[in-house]
Amino acid sequence: MTAQAATPASRRTRLTPERERELYEAVVELLREVGYEALTMDAVAARTRSSKATLYRQWKGKPELVATALRHSKPVSMSDIDTGSLPGDLHELVRCHDQTETKRDQELMRGLAHAAFQNEDLFRALRELLIEPELDSFRLLVQRAVDRGELAADRPASEFIPHMLFGAALARPIIEGVDADPEYSHRYIDAVVVPALGLQ
């Protein structure tokens, strides 16, 4: 670990939201261009006209920077979606993702998944900074549905909503040879997720 990386959090200089957004966008662009393995902190510093010292003061290292950038570069947060029904929330989540961006994101996440299983630090950072917050958001959607009386609190399929959605997106290229698109995702929600949850 570099001396900069060991700097206590209390001494960090807070970046402006605009500057953070620029950095996150640059990191995601670089990930799409070169992949995780070839991405370096030097490249991020050059692309964003920053110093490596600045990057290490804000983030522990490349895994944390990448995971945080992915989290903050999502087109929509599930915590901002509330249509009044669980199926409506799931369909809205699909609608908020542009089809072109969805395809690019699928390609990016496939590459990151491969890298994560080769890199324990990346795997841990993705779990802590990206995946767990997403799972918390899914739990919030489910709890709202339970509170409305829409969904039975003991419905077994409730805990598997993320597995169903992400599993379908990952399985389609293998089974059908094409990526999941919005039309497919909407059909899957109605044909599989809604019945599994006992919803109308």
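Report follows, based on the coordinates. Here the structure is a predicted model, which means the values were calculated and not measured.

Thoughts on unusual backbone geometry
With glycine set apart, most residues show a phi of negative sign, and most peptide bonds adopt trans. With a phi close to 55°, Arg49 is a non-glycine residue in the positive phi region. Structurally, Arg49 can be placed in the loop between α2 (41-48) and α3 (52-58). The exposed category is assigned to Arg49, whose relative accessible area is 70%.

Focus on the packing of aromatic side chains
In total, this model carries four aromatic pairs according to the counting rule given. On the numbers, 5.9 Å between centres and 65° between planes, the contact of Tyr24 with Trp59 is edge-to-face. Of this pair, Tyr24 sits in helix α1 (residues 17-38) while Trp59 sits in the loop between α3 and α4 (62-72), and the two are 35 residues apart along the sequence. Trp59 carries the same exposure label as Tyr24, and that label is buried. Judged by centre distance (6.1 Å) and plane angle (85°), the ring pair of Phe138 and Phe166 falls under edge-to-face. Remark: Phe166 occurs in helix α8 (residues 161-176) and Phe138 occurs in helix α7 (residues 120-147); sequence separation between them is 28 residues. One residue, Lys62, lies across the ring of Tyr36, its end atom 4.1 Å from the ring centre.

A look at the layout of surface pockets
Empty space among the atoms becomes visible once a probe the size of a water molecule is rolled across them. The space that makes up the largest pocket amounts to roughly 1,600 Å³. Around the largest pocket, the lining comprises 48 residues; the ones closest to its centre are Lys74, Asp105, Gln106, Met109 and Phe166. Elements that contribute at least two residues to the lining of the largest pocket include exactly α1, α5 (86-95), α6 (99-118), α7, α8 and α9 (182-196). Its residues placed into classes, the lining of the largest pocket shows 31 nonpolar, six polar and eleven charged.

Quick notes on the packing of α5 against α9
Here α5 crosses α9 at 160°, and the two axes come no closer than 10 Å. When the axes of α5 and α9 are compared, the pair comes out roughly antiparallel. Pair α5 / α9 crosses with right-handed handedness. Listed contacts from α9 to Pro87, Leu90, His91, Val94 and Arg95 of α5 are Pro182, Ser185, His186, Ile189, Asp190, Val193 and Val194. Its residues assigned to classes, the contact of α5 with α9 shows seven nonpolar, three polar and two charged.

Reading the values: rules and limits
Residues numbered from 1 in each chain as written. Predicted model: local features only at pLDDT ≥ 70, side-chain atom pairs only at ≥ 80, totals over all residues. Heavy atoms only, no water. Helix = DSSP H or I, 4+ residues; strand = E, 2+ residues; numbered from the N terminus. Buried < 20%, exposed > 50% of the residue type's maximum accessible area, 1.4 Å probe, protein only. Phe/Tyr/Trp six-rings, centres within 6.5 Å; stacked < 30°, edge-to-face > 60°. Lys NZ or Arg CZ within 6 Å of the ring centre and 35° of its normal. 1 Å grid on protein atoms, 1.4 Å probe; cavity = no way out; pocket = protein on both sides within 12 Å on 5 of 7 lines; lining within 4 Å. Points joined across faces, edges and corners; volume = space filled by probe spheres on them. Nonpolar A, V, L, I, M, F, W, Y, C, P; charged D, E, K, R; others polar. Axes fitted to C-alpha atoms, helices over the stretch in contact; angles between N-to-C directions. Parallel < 35°, antiparallel > 145°, perpendicular 65-115°, else oblique. Left-handed = near helix turned anticlockwise from the far one by under 90°. Contact = heavy atoms within 4.5 Å.

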